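Below, each chain spelled out in residue letters.
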Amino acid sequence: MIPRYQRILFWSLVGCILLMGAFLLHGCREAHKRLTALNDATPIAAPTAAATEEVNLYFASDANATIHSSRAQVALPQDTSLKARALLEHLLAQYSRPDSAHPLQSGPSVDDVFLLADPAHPNAGRITVNLHGSFADTHPSGIEVEQLTLDSIIGTLHAAFPEFNEVRFLVDGQVRETLAGHASLDRTYPLLDTTAGPAVPSEAATQP
Amino acid sequence: MVKRNPAGMHMESAENSPGAGTTRFRLSGAKALSPSYNSKNVIQQRNHLPATVAAVLLTALPLVSQAPPPPAPPAPRPQPALYRNLIVLDPAHGGRDKGSQISANSAEKEVTLAFAQRLRPALVAQGFTVVSTRDSDPADELTTDQRAGTANHVRPLACILLHAAPAGSGVHIVTSSLVPPETTPPPGRAVMWNRAQAPVIPMSLRLANEVGLTLEAANLPVLLMRSSVPPLDNLTCPAVAVELAPLKGSSKNATSAADAGYQQRVANAIAAGLASFRTHNAPPPNAIPSMASPRAGVAP
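Since the structure is predicted, the reported quantities are computational estimates derived from the model, not experimental observations.

Rules used in this analysis
- Residues numbered from 1 in each chain as written.
- Chains lettered and ligands numbered in written order.
- Predicted model: local features only at pLDDT ≥ 70, side-chain atom pairs only at ≥ 80, totals over all residues.
- Heavy atoms only, no water.
- Domains from an automatic or database assignment.
- Contact = heavy atoms within 4.5 Å.
- Buried area = accessible area lost by both parts, 1.4 Å probe.
- Polar contact = N/O pair within 3.5 Å; in protein donor to acceptor, adjacent residues only side chain to side chain.
- Helix = DSSP H or I, 4+ residues; strand = E, 2+ residues; numbered from the N terminus.
- Nonpolar A, V, L, I, M, F, W, Y, C, P; charged D, E, K, R; others polar.
- Pairing = 2+ DSSP bridges.
- Axes fitted to C-alpha atoms, helices over the stretch in contact; angles between N-to-C directions.
- Phe/Tyr/Trp six-rings, centres within 6.5 Å; stacked < 30°, edge-to-face > 60°.
- Buried < 20%, exposed > 50% of the residue type's maximum accessible area, 1.4 Å probe, protein only.
- Lys NZ or Arg CZ within 6 Å of the ring centre and 35° of its normal.
- pLDDT = per-residue confidence, 0-100.
- Parallel < 35°, antiparallel > 145°, perpendicular 65-115°, else oblique.
- Left-handed = near helix turned anticlockwise from the far one by under 90°.
- Disulfide = S-S within 2.5 Å.
- Right-handed = clockwise from strand over helix to strand, strands pointing away.

Caption draft 1: Here's a closer look at the domain arrangement of chain A. Examined at the domain level, chain A breaks down into domain 1 (1-39) and domain 2 (52-190). Summarising the inter-unit geometry, the C-alpha centres of domain 1 of chain A and domain 2 of chain A are found 46 Å apart.

Caption draft 2: Highlighting the interface of chain A and chain B. Taken together, the contact pairs 25 residues of chain A with 31 residues of chain B. It is A:I143, A:H182 and A:P201 in chain A that bury the most area against chain B; as a group they hold 28% of the surface buried on that side. Across the contact surface, chain A and chain B share 12 residue pairs in polar contact (both at pLDDT 80 or more). The element best represented in the side of chain A that touches chain B is helix 4 (residues 143-160) of chain A, accounting for three residues. Grouping the constituent residues of the side of chain A that touches chain B by class yields 10 nonpolar, 11 polar and four charged.

Caption draft 3: Seen up close, the sheet that holds strand 6 (residues 189-190) of chain A. Residues and elements named next belong to chain A. Strand order in the open sheet formed by four strands is 3-4-5-6, with mixed pairing between adjacent strands. With one partner strand each, in any of the chains shown, strand 3 (110-118) and strand 6 form the two edges of the open sheet. Helix 2 (residues 80-94) contacts strand 3 and strand 4 (121-131) of the sheet and is inclined by roughly 135° relative to strand 3.

Caption draft 4: Broad picture of the packing of aromatic side chains. By the definition in use, this model includes four aromatic pairs over all chains. Consider the rings of A:F59 and A:Y95, whose centres lie 6.1 Å apart with planes at 85°: the pair is edge-to-face. Of this pair, A:F59 sits in strand 1 (residues 52-61) while A:Y95 sits in the loop between helix 2 and strand 3, placing them 36 residues apart in sequence. Residues A:F59 and A:Y95 agree in their burial class; the two are buried. The ring of A:Y189 has A:R187 sitting right over it, with the charged end atom 4.4 Å from the ring centre. In this arrangement the basic side chain of B:R278 is found over the ring face of B:F128, its NZ or CZ atom lying 4.1 Å from the centre.

Caption draft 5: Fine view of unusual backbone geometry. Residues and elements named next belong to chain B. The step from P230 to P231 runs through a cis peptide bond, and the omega angle for that step is 0°. Along the chain, the position of P231 falls in the loop between strand 10 (222-226) and strand 11 (239-244). Look at H93: it is not a glycine, yet its phi comes out positive at around 65°. With respect to the helices and strands, the residue H93 is situated in the loop between strand 4 (82-91) and strand 5 (101-103). Given the relative accessible area of 6%, H93 is considered buried.

Caption draft 6: Local environment of the confidence of the model for chain A. For chain A, the mean per-residue pLDDT works out to 89, and 94% of the residues sit at or above 70. Put simply, strand 4 of chain A is where chain A has its lowest mean pLDDT, 88, and helix 4 of chain A is where it has its highest, 95.

Caption draft 7: Just the packing of helix 5 (residues 201-217) of chain B against helix 6 (residues 260-281) of chain B, in detail. Residue and element names in this part refer to chain B. One way to put it is that helix 5 packs onto helix 6 with a least axis distance of 8 Å and a crossing angle of 135°. The pairing of helix 5 with helix 6 is recorded here as oblique in orientation. Crossing handedness for the pair helix 5 and helix 6: right-handed. Note on element contacts: helix 6 touches helix 5 through V266, A269, I270, A272, G273, L274, S276, F277, H280 and N281, opposite M203, R206, L207, E210, V211, T214 and L215. Tallied by class, the residues present in the contact of helix 5 with helix 6 amount to 10 nonpolar, five polar and two charged.

Caption draft 8: Highlighting the state of the cysteines. Taken as a whole and assessed by the stated rule, the structure comprises one disulfide over all chains. Disulfide partner of B:C159: B:C237, at an S-S distance of 2.0 Å. Here the S-S torsion is close to -105°, and the disulfide linking B:C159 with B:C237 is therefore left-handed. A residue pair is termed long-range when its members are at least 10 positions apart, and B:C159 in strand 8 (residues 156-164) and B:C237 in the loop between strand 10 and strand 11 qualify at 78 residues. Judged by its relative accessible area of 1%, B:C159 falls in the buried class. Judged by relative accessible area, which is 3%, B:C237 ranks as buried. A:C28 supplies the cysteine sulfur nearest to A:C16, a cysteine that is in no disulfide, at a spacing of 19 Å. Using a relative accessible area of 42% as the deciding quantity, one classes A:C16 as partly exposed. What makes A:C28 partly exposed here is its relative accessible area of 47%.

Caption draft 9: Structural view of the pairing of strand 9 (residues 171-175) of chain B. Residues and elements named next belong to chain B. Across the five residues that make up strand 9, a large majority, five, are buried. Of the two faces of strand 9, the one lined by V171, I173 and T175 and the one lined by H172 and V174 are each fully buried. By the bridge criterion, five bridges tie strand 9 to strand 10 in an arrangement that is parallel. In the sheet register, T175 faces strand 10, and the bridge partner there is R226. Read as a crossover between parallel neighbours, the route from strand 9 over helix 5 to strand 10 is right-handed. Relative to strand 11, strand 9 runs antiparallel, the two being bridged by four bridges.

See the structure below:
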């Protein structure tokens, strides 16, 4: 005959084991969700069949608030939309290097790029860049640093797709007011060469 | 006794007059135009009332047309394009929107508010009146439209948006990246809310240049940039955003944007720049004979 207190103790321990198991399972699921959000493993295209192309990448520098152009060989898919996405992924991945002049956190940055060409107007197409939510959430906050990121993307797209003339940004498929609290994302930007650096104050420009 | 009938005419019942029990019709604000009717006749001729009213109206029309026109209401006094001594400060963020983290114990919303409180007396010393979109940390953050609405309503000489950043170097003077229109829109014409700043971009660039010159004169590093920072594009006045970044000198330690001495130096330089901008771009109205029109001119 098992004493009553031992039976109570036994079932209490069993209950504790089940609770701990449930807690562990819940923790594993939450961790899995976090890791999945940070590491988007969606394949963009198999680059094996694609030859490398020489592209112009527009890099930002925080030290003097400038954008400079640099040529690079990048393997890009043939599809235009996937090509634009791969190009921007490659560009933004360079900013997570330790020696980057415009440091950004690593991780997925671009979900989709849509190119909307207008057949009636050959040079009046629009590119829509759908940024990843974690990219915008972890982007450094500040007018200069946010605008440099946008200028880097705009200049690179302008060099690669000269037949398009404007770009619009979304974050997780939604319109967002700013990138990280400063640079506006709810407007359309013209696609142009963004290598011009900041202006210098001059006495000549004071008179109306 | 005066009543109004459905036809919009005053019905005046003169019960105490010698012709008691009669009803007369008259147009609003005019003298009685029709002869009196006996009440018995009115009852008997009720079926003829519409025809009678029509006849009265036809009779009254020439008289109404001959009446002197009512005095025209006084024309509203046109508002000046801007008040040359008025500055709007907009310390960015606030409430739940903390902005960026400037240092371990200060957020951007606190730094911008402290900077605005240092800039205000410097501007007053230059003879400006200052309106601020916020003087404390509100429970709920102001929306972009609320900030722009406050600034646009008071027609200031300039709007200064205050920001701070934990990275970068020196002071960033930011002008809207909108492209100014090729032709200046006529006064009074509606402008698109998201492009309200476009017509005054040339003045905003001159403002940025003036402030940049005085900052350089104060030995502070300056960058003049173009960016669309809300609510810059919605402002109808000359506007710039001033972003305080750390001041990196010869020593290894950079001065944070939260530093009081650094903020005071920048505030003094901005106030001097605004005074210079006022002198060059908005001289007093009595100094320019061509500025006779209040709409095109400037209010003192």
